[in-house]
Amino acid sequence: MDQLMLLKPGKDYAEGIFRYRNAFIMAGDSMDGTGSLYRMPDPEAWLDQVTDLSRPETTPEEWVTTSQYICVRPYDNRLVGMIQLRHSLNEYLQQYGGHVEFSVLPDERGKGYATWMLRNVLRYAKDYDIDRVLLAVEPRNAAGKRVIEKNGGEFLDKVLDPEYEIELERYSIGV
Ligand SMILES: CC(C)(COP(=O)(O)OP(=O)(O)OC[C@H]1O[C@@H](n2cnc3c(N)ncnc32)[C@H](O)[C@@H]1OP(=O)(O)O)[C@@H](O)C(=O)NCCC(=O)NCCS
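Definitions and cut-offs
Residues numbered from 1 in each chain as written. Predicted model: local features only at pLDDT ≥ 70, side-chain atom pairs only at ≥ 80, totals over all residues. Heavy atoms only, no water. 1 Å grid on protein atoms, 1.4 Å probe; cavity = no way out; pocket = protein on both sides within 12 Å on 5 of 7 lines; lining within 4 Å. Points joined across faces, edges and corners; volume = space filled by probe spheres on them. Helix = DSSP H or I, 4+ residues; strand = E, 2+ residues; numbered from the N terminus. Nonpolar A, V, L, I, M, F, W, Y, C, P; charged D, E, K, R; others polar. Core = buried A, V, L, I, M, F, W, Y, C linked by side-chain atoms within 4.5 Å. Buried < 20%, exposed > 50% of the residue type's maximum accessible area, 1.4 Å probe, protein only. Expected span 1.5 Å × (residues − 1). Pairing = 2+ DSSP bridges. Axes fitted to C-alpha atoms, helices over the stretch in contact; angles between N-to-C directions. Contact = heavy atoms within 4.5 Å. Near = heavy atom within 4 Å. Polar contact = N/O pair within 3.5 Å; in protein donor to acceptor, adjacent residues only side chain to side chain.

Visitor: Just checking my understanding: could you explain empty space enclosed by the protein for this structure?
Guide: Empty pockets left among the atoms are what a rolling probe the size of a water molecule brings to light. Here the structure, examined in full by the defined rule, presents 1 cavity of 30 Å³ or more. Size it by volume and the largest cavity reaches roughly 40 Å³. For the largest cavity, the full set of lining residues is Gly35, Trp46, Gln49, Val50, Leu53, Thr66, Gln68 and Gln84. For the lining of the largest cavity, the elements supplying multiple residues, two or more each, are α2 (43–53) and β2 (66–73). Sorting elements by how many residues they give to the lining of the largest cavity places α2 first, with 4 residues. Tallied by class, the residues present in the lining of the largest cavity amount to 3 nonpolar, 5 polar and no charged.

Visitor: I'm lost on the nonpolar core in this one. Help?
Guide: In summary, soluble globular proteins display a tendency toward joint burial of nonpolar side chains. In this structure, Ile83, Val100, Phe102 and Leu118 are the most contacted members of the largest nonpolar core, which totals 26 residues. Mapped onto this core, the elements with two or more residues apiece are β2, β3 (78–86), β4 (100–104), α4 (113–125), β5 (132–137), α5 (142–150) and β7 (166–174). Considering every element that reaches this core, the biggest residue donor is α4, with 8 residues. Among the nonpolar cores identified, the runner-up in size contains 15 residues, and Tyr20, Phe24, Met40 and Trp46 belong to it.

Visitor: Can you help me understand α4 in this one?
Guide: Each α-helix turn comprises 3.6 residues. Residues three or four places apart therefore point the same way. Compared with an ideal rise of 1.5 Å per residue, which puts 13 residues at 18 Å, α4 spans 19 Å between its outermost C-alpha atoms and is within 8% of the ideal. Judged by how many residues are buried, α4 sits mostly within the fold: 10 of 13 residues are covered. Turning to α4, its buried residues number three or more, namely Tyr113, Ala114, Thr115, Trp116, Met117, Leu118, Asn120, Val121, Leu122 and Ala125.

Visitor: What is the right way to read the sheet that holds strand β6 (residues 154–161) from this model?
Guide: Hydrogen bonds between backbone atoms are what pair the strands of a sheet, whose relative direction is either parallel or antiparallel. Read from one edge to the other, the open sheet built from 3 strands follows the order β5-β7-β6, with strand pairing classed as antiparallel. The two strands at the open ends of the sheet, each matched to only one other strand, are β5 and β6. Strand-to-strand twist of the sheet, defined as the mean angle between neighbouring strand axes without regard to direction, takes the value 25°. As defined by bridge partners, β5 adjoins β7 across 6 bridges and the pair is classed as antiparallel. Along β7, the bridge assignment pairs Leu134 with Ser172. The sheet strands contacting α5 are β5 and β7, and the helix crosses β7 at an angle near 15°.

Visitor: Which parts of the structure should I look at to understand the pairing of β6?
Guide: Looking along a regular strand, one sees the side chains alternate between the two faces of the sheet. In this structure, β6 lies alongside β7, joined through 7 bridges in antiparallel fashion. By the bridge assignment, Phe155 is partnered in β7 with Tyr171. The antiparallel hairpin formed by β6 and β7 contains 4 residues in its connecting segment, where Glu165 sits at a positive phi of about 55°.

Visitor: How should the sheet that holds strand β1 (residues 5–7) be read in this particular structure?
Guide: Taken in spatial order, the 4 strands line up as β1-β2-β3-β4 in an open sheet, and their pairing is antiparallel. Strands with a single pairing partner mark the edges of an open sheet, and in this sheet they are β1 and β4. On average, each strand axis in the sheet is inclined to that of its neighbour by 20°, with strand direction left out of account. Pairing of β2 with β3, which is carried by 8 bridges, proceeds in the antiparallel orientation. Counterpart to Val72 in the pairing with β3 is Leu79.

Visitor: Explain the pairing of β3 to me, please; I cannot follow it from the model alone.
Guide: Where burial is concerned, most of β3 is hidden: 8 out of the 9 residues are buried. Counted between consecutive antiparallel strands, the loop separating β2 from β3 contains 4 residues, among which Asn77 sits at a positive phi close to 60°.

Visitor: Would you mind going over the site of the ligand with me for this structure?
Guide: Neighbouring residues of the ligand: 20 residues in total, closest Gly110, Gly112, Thr115, Asn141 and Lys150. With respect to the ligand, the backbone of Phe102 contributes an N or O atom lying 2.8 Å from a nitrogen atom. Note that an oxygen atom of the ligand is positioned 2.6 Å from one of the side-chain N or O atoms of Thr115. Mapped by element, the contributors of at least two residues to the shell around the ligand are β4, α4 and α5. No other element matches the 6 residues that α5 contributes to the shell around the ligand. For the shell around the ligand, the residue count by class is 7 nonpolar, 7 polar and 6 charged.

Nothing here speaks to function; it is geometry throughout.
Right, here's the structure in full:
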């Protein structure tokens, strides 16, 4: 597999973040693991929010502190994926959101990138006293479920997310 790097995003990747967002909008695909990027067309504003959410003292009360990572392929410096690790869960996330969400550029899928990203982000969970990482995925998302299973995901149950009126399968991974 190609060599990859997991990085905290900075302004040097503003162009890549802009392109990432556009690629998902063009594809009509779900921008999982990108926080508020869908609602924030300005990469610099998104980067500021990512910084705020990375520290408890600047995380708004109703949010949870979160580490945002970008996945970059060194040989062409392309930002190919994004993944988030929430440091804790509120009541809603405990039921429907989970600790980790991720996505890979539509034209870079099927290369093992998401599997690699999840494996590498799980190593940081212990830093936040997380013993079991919780993930939620739509039943029809075969690729998402496969990525979780390949990283040791154990099926927990099915729940109905009342906010979005969608069924979700919950998995947990011991770390
Ligand atoms: C889910 C997603 C991240 C996968 O990214 P990826 O880099 O292509 O994933 P990987 O290459 O690491 O692995 C994909 C696995 O799913 C399998 N897969 C892909 N499409 C599949 C399908 N339609 N049915 C069954 N398996 C499928 C692949 O064969 C591969 O498994 P394998 O290695 O055993 O062959 C990507 O499709 C995506 O960004 N989707 C939109 C966001 C999303 O759904 N995120 C997940 C929810 S948090």
